[in-house]
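Each chain, letter by letter, is given below.
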Amino acid sequence: MSLIKKHVEEFKVPAYHNEELTEVSSEDLKGHWSLLFFYPGDFTFVCPTELEDLQNLYSEFKELNCEIYSISTDSEFVHKAWHDKSEKIKKIQYPMLSDRAFALSKQFGVLKEADGQSQRGAFLINPDLDVVLYEVSADGIGRNAHELLRKLQAAQYVDKYGDQVCPANWAPGQDTLKPGIDLVGNL
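All values derive from a computational prediction rather than experimental measurement.

## Quick word on the side chain of Ser72
Looking at the secondary structure, you find Ser72 in strand E4 (residues 66-72). For Ser72, a relative accessible area of 0% puts it in the buried group. Only 3.5 Å separates the side chain of Ser72 from the side chain of Asp42, close enough to count as a polar contact. A distance of 3.1 Å separates the side chain of Ser72 from the backbone nitrogen of Asp74, its partner in a polar contact. With sequence-adjacent residues up to four places away left out, Ser72 is seen in contact with Tyr39, Pro40, Gly41, Asp42, His79, Leu97, Ser98 and Asp99.

## Observations regarding the UniProt feature "active site" (unreviewed entry) in the protein
If you check UniProt for "active site" (unreviewed entry), the listed places come out as Cys47 in our numbering. In this fold, Cys47 is placed in helix H1 (residues 46-56). For Cys47, a relative accessible area of 1% puts it in the buried group. Setting aside anything within four residues of it in sequence, one finds Cys47 in contact with Tyr39, Pro40, Gly41, Trp82 and Arg120.

## Some points on unusual backbone geometry
Its identity is not glycine, yet Leu129 carries a phi of approximately 70°, on the positive side. With a relative accessible area of 4%, Leu129 lands in the buried category. In this model, Asn169 sits at a positive phi of 65°, which is unusual for a non-glycine residue. Tracing the backbone through its elements, the reader meets Asn169 in the segment after helix H6 (145-160).

## Examining H6
Owing to its 3.6 residues per turn, the α-helix brings residues three or four apart onto one side. For H6, spanning 16 residues, the distance from its first C-alpha to its last is 23 Å, which sits close to the expected 22 Å at 1.5 Å a residue. Taken residue by residue, H6 has Ala145, Leu148, Leu149, Arg150, Lys151, Leu152, Ala154, Ala155 and Gln156 as its buried positions. Taken together, the buried residues of H6 touch strand E3 (33-38), H1, helix H2 (58-63), E4, strand E8 (120-125) and strand E9 (131-137). Taking the backbone nitrogen of His146 as reference, a side-chain oxygen 2.7 Å away marks Asn144 as the first, capping residue of H6.

## Here's the deal with the sheet that holds strand E5 (residues 96-98)
With mixed pairing, the 7 strands of this open sheet are ordered in space as E2-E1-E5-E4-E3-E8-E9. Looking along the sheet, the strands with just one partner apiece sit at the ends: strand E2 (20-25) and E9. Within this sheet the neighbouring strands show an average axis-to-axis angle of 25°, counted without direction. Relative to E5, E4 runs parallel, the two sharing 3 bridges. Residue pairing across strands places Ser72 opposite Ser98, the latter belonging to E5. Contacting E3, E4, E5 and E8, H1 crosses the sheet at an angle of about 165° to E3. Where H6 meets the sheet, its contacts fall on E3, E4, E8 and E9, and the angle it forms with E3 comes to roughly 145°.

Thresholds applied
- Residues numbered from 1 in each chain as written.
- Predicted model: local features only at pLDDT ≥ 70, side-chain atom pairs only at ≥ 80, totals over all residues.
- Heavy atoms only, no water.
- Helix = DSSP H or I, 4+ residues; strand = E, 2+ residues; numbered from the N terminus.
- Buried < 20%, exposed > 50% of the residue type's maximum accessible area, 1.4 Å probe, protein only.
- Polar contact = N/O pair within 3.5 Å; in protein donor to acceptor, adjacent residues only side chain to side chain.
- Contact = heavy atoms within 4.5 Å.
- UniProt positions renumbered as here; feature names shortened; annotations may be inferred.
- Expected span 1.5 Å × (residues − 1).
- Pairing = 2+ DSSP bridges.
- Axes fitted to C-alpha atoms, helices over the stretch in contact; angles between N-to-C directions.

Here it is as structure tokens:
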């Protein structure tokens, strides 16, 4: 079952952000693009490399009016302890959400119930709270923040210019395609 165009259901979860314990809700996602970035767990192996990779591009995401929300089933207290202990995680400036009640992991279909953890899932949400892109990976496969940024740029382009589409490997400034009968069989 596809989650494309799925509307984000209401939620409110604890979070760790800017050295404070706080809450994030579905209301906080309104009016801007959001990347919900699920990962299996704090104090693990691949996860800190992914979160650091996102942090390295955080300013570019923010320039595109996109907030990053990392999400695991660990508590906000564990997020703080990880932030205090790990050099990679200490750099993080985006909110780290706690999904201890599994509400978000279930909503987006990434909960591994037997493990009490989320799979690696990335969900790009538009300002109207609809899913426009998602990918889910096996535990051992780290994701690429540059590719997620490129996909955000493509999603925003398509959102703005609905009569045009972005071909494979498209990057801002490159040619797009305008679907129509004249393209059939000519690509």
